[in-house]
Amino acid sequence: MPTSSTVSRALWRLRYRAAPEVASEVRRRAVLATHHHCRLEVPRQVRLGPRFRVDIPDDGTLIVGRGCEFRDGFTCEISGSGRVAIGAGSIFTASALVQCSTSIEIGTRCVFGQACFIGDGNHRFRDHTRHILDQGYDYRPIVIEDGVMVLSKCTIVNSIGRGSIIGANSVVVKPIPAYCLAVGAPARVIHYFGPPELRPAELCD
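Bear in mind the structure is a predicted one, so any value in this text is a computation, not a measurement. (Residues numbered from 1 in each chain as written. Predicted model: local features only at pLDDT ≥ 70, side-chain atom pairs only at ≥ 80, totals over all residues. Heavy atoms only, no water.)

Caption draft 1: The arrangement of the environment of D72 in detail. Of note, D72 is situated in strand β5 (residues 69–78). When the C-alpha atoms of D72 and A94 are compared, they prove to be 4.6 Å apart, with 22 residues separating the residues in sequence. Residues contacting D72, with those up to four places away along its chain left out, are P50, R51, T93, A94 and S95. At a separation of 3.3 Å, a polar atom in the side chain of D72 contacts the side chain of R51. (Helix = DSSP H or I, 4+ residues; strand = E, 2+ residues; numbered from the N terminus. Contact = heavy atoms within 4.5 Å. Polar contact = N/O pair within 3.5 Å; in protein donor to acceptor, adjacent residues only side chain to side chain.)

Here is the structure:
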């Protein structure tokens, strides 16, 4: 006969696993129900944690691949006809913000640490006679390829190549090639770890 403590632990494990899945499905259905005016694809095989929020006021697109995890505090804001696609198995840990007016493509099995920002636009600011909010934006489509890892508190406003790692507190303002470790503000490549034949020319000695 199982003891009361054994039964209690089994019930706790069941609750610990089942409750987040139920809450995730409730969030998924609520998001889909309030976004019939745009294209929103979030399959059942996605985990939507607390504070998952989507803001698509126009005809934008958000496509999420199977097996993605949004653990806590994910916000995606898509303006106009902007398009965000997140590949299967990618993970956002906590307090992420994605802002898109053109296109942001995120590959499969990418990982984003706490408090990451991804945006495809920069404020214009060089006209001293106008307030910064009246000067508009410069936009660029962003591609983050498969297997990228972005550590905590990073700002991403340019593309990142396959398998690269972005160190904590970095600001990516220029494209990062594949299989590179980049750190700093602005981020710069300090190490290449990919196949020799794919080493970027600018990183050759």
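Caption draft 2: Looking closely at the sheet that holds strand β1 (residues 39–41). Spatially, the five strands line up as an open sheet ordered β1-β4-β6-β8-β13, and their pairing is parallel. Each having just a single partner strand, β1 and β13 (142–144) make up the two edges of the open sheet. Strand-to-strand twist of the sheet, defined as the mean angle between neighbouring strand axes without regard to direction, takes the value 5°. Two strands pair when backbone bridges link them, and strand β4 (residues 61–64) and strand β6 (residues 83–86) are joined in this way by four bridges, in the parallel orientation. In the sheet register, V64 faces β6, and the bridge partner there is I86. (Pairing = 2+ DSSP bridges. Axes fitted to C-alpha atoms, helices over the stretch in contact; angles between N-to-C directions.)

Caption draft 3: Broad picture of the packing of aromatic side chains. Evaluation of the coordinates by the stated rule reveals eight aromatic pairs. Aromatic pair F92 and F112: ring centres 4.5 Å apart, planes at 10°, arrangement stacked. You can see F92 sitting in strand β7 (residues 91–100) and its partner F112 sitting in strand β9 (residues 111–112), a full 20 residues away along the chain. For the pair shown, F92 and F112 are each scored as buried. An aromatic cluster is defined as three or more aromatic residues linked by ring pairs; in this entry it consists of F52, F70, F74, F92 and F112. (Phe/Tyr/Trp six-rings, centres within 6.5 Å; stacked < 30°, edge-to-face > 60°. Buried < 20%, exposed > 50% of the residue type's maximum accessible area, 1.4 Å probe, protein only.)

Caption draft 4: How the structure looks around a nonpolar patch on the surface. A grouping of F125, I132 and L133 is seen on the molecular surface, where their side chains present a nonpolar patch of about 320 Å² in accessible area. Among the structural elements, I132 can be located in the loop between β11 (121–123) and β12 (137–139). Classification of I132 by relative accessible area gives partly exposed; the value is 36%. (Patch = residues over 30% accessible without salt bridge, like charges linked within 9 Å, V, L, I, M, F, W, Y side chains within 5 Å. Areas by Shrake-Rupley, 256 points an atom, 1.4 Å probe, with all protein chains shown as cover. Salt bridge = Lys/Arg side-chain N within 4 Å of Asp/Glu carboxyl O.)

Caption draft 5: How the structure looks around the pattern of salt bridges. On inspection of all chains with the given rule, the structure shows 11 salt bridges. With its nearest N and O atoms 2.9 Å apart, the salt bridge here joins E25 to R28. Here R28 and E25 lie together in helix α1 (residues 4–33), a separation of three residues that amounts to about one turn. Across the pair, exposure class does not vary: E25 and R28 are buried alike. Across the salt bridge formed by R47 and E69, the nearest N and O atoms sit 3.7 Å from each other. Highlighted residues: R47 in strand β2 (residues 47–48) and E69 in strand β5, separated in sequence by 22 residues. Judged by its relative accessible area of 40%, R47 is partly exposed. On the basis of relative accessibility, which here comes to 23%, the residue E69 falls in the partly exposed class. Taken together, the shared-partner salt bridges connect E25, R28, R29 and R44 into one network.

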